[in-house]
Amino acid sequence: MKNIAVFCGSSSGNDSKIISEAYALGKTFAKRNIALVYGAAKIGIMGEVAKGVLENKGNAIGVIPEFLKTKEIVNENLTHLIVTNSMHDRKVVIYEKSDGFIIIPGGFGTMDEFFEITTWGQLGLHTKPIGILNTNGYYNALIEQSKTMVKNGFLKQENLDAVLVSDSIDDLLEKMNNFTPLPAPKWLNKEGL
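So, here is what we can say about the structure in this document.

Rules used throughout
- Residues numbered from 1 in each chain as written.
- Predicted model: local features only at pLDDT ≥ 70, side-chain atom pairs only at ≥ 80, totals over all residues.
- Heavy atoms only, no water.
- Helix = DSSP H or I, 4+ residues; strand = E, 2+ residues; numbered from the N terminus.
- Contact = heavy atoms within 4.5 Å.
- Polar contact = N/O pair within 3.5 Å; in protein donor to acceptor, adjacent residues only side chain to side chain.
- Buried < 20%, exposed > 50% of the residue type's maximum accessible area, 1.4 Å probe, protein only.
- Core = buried A, V, L, I, M, F, W, Y, C linked by side-chain atoms within 4.5 Å.

## Observations concerning the environment of Y38
- On the secondary structure map, Y38 appears in strand β2 (residues 35-38).
- In this structure, the C-alpha to C-alpha distance between Y38 and V49, residues 11 residues apart in sequence, is 9.1 Å.
- Not counting residues up to four positions away in its chain, the partners in contact with Y38 are V6, M46, A50, I61, G62, V63, N75, L78 and I94.
- Here A41 takes part through its backbone oxygen, which lies 2.8 Å from a polar atom of the side chain of Y38.

The following block contains the structure:
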């Protein structure tokens, strides 16, 4: 994987371990020659990941819609900045530029991006690996809710298993590098979408 998208919070939260792990993820990307693709912010957890990349001489590609492009938000030290017309266009560009996706702690926006990209994978619209970096058990409740969806027949176990989970950066990247995508659903005709 040459480029990995990271979905995460534009707030810093209140857990210092999450903040330091975000920086460590960026640093790991730089050391492994993986370019970061993300929402272009210099603030919050997003900013920490980018800082980890850039301070270690890595590449960071930021994608931001025009209406959010302000000095207070945009990281001006990015390797490349792409400005889009809308939030939807931003998601499409991030998807197109990325070979895989990782979520780290965030709020509603992070959940929106995670659920959309996992749904696209479930529908066979992409075969890229999706990982959850579960720092300090942040996503334990999400993982449990996903198991409840399987138990109640709203999610297939194979689709849940396709989402890779680890609390270790190196282990998660290893799982993503060895990811085998599910076959496209037989009932889906991609040309018809």
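## Re helix α2 (residues 44-54)
- The element α2 is extensively covered by neighbouring structure, given that nine of its 11 residues are classed as buried.
- Buried within α2 we find G44, I45, M46, G47, E48, V49, A50, G52 and V53.
- In this structure, the buried side of α2 is in contact with β1 (3-7), α1 (16-31), β2, β3 (60-65) and α3 (87-97).

## A short note on the nonpolar core
- Ranked by internal contacts, the top residues of the largest apolar core, which has 29 residues, are V6, L25, F29, L36, I102 and I104.
- Contributing elements (two or more residues each) for this core: β1, α1, β2, α2, β3 and α7 (169-177).
- Sorting elements by how many residues they give to this core places α2 first, with five residues.
- Grouped together as the second largest cluster of nonpolar side chains are 22 residues, A5, I94, I117 and I132 included.

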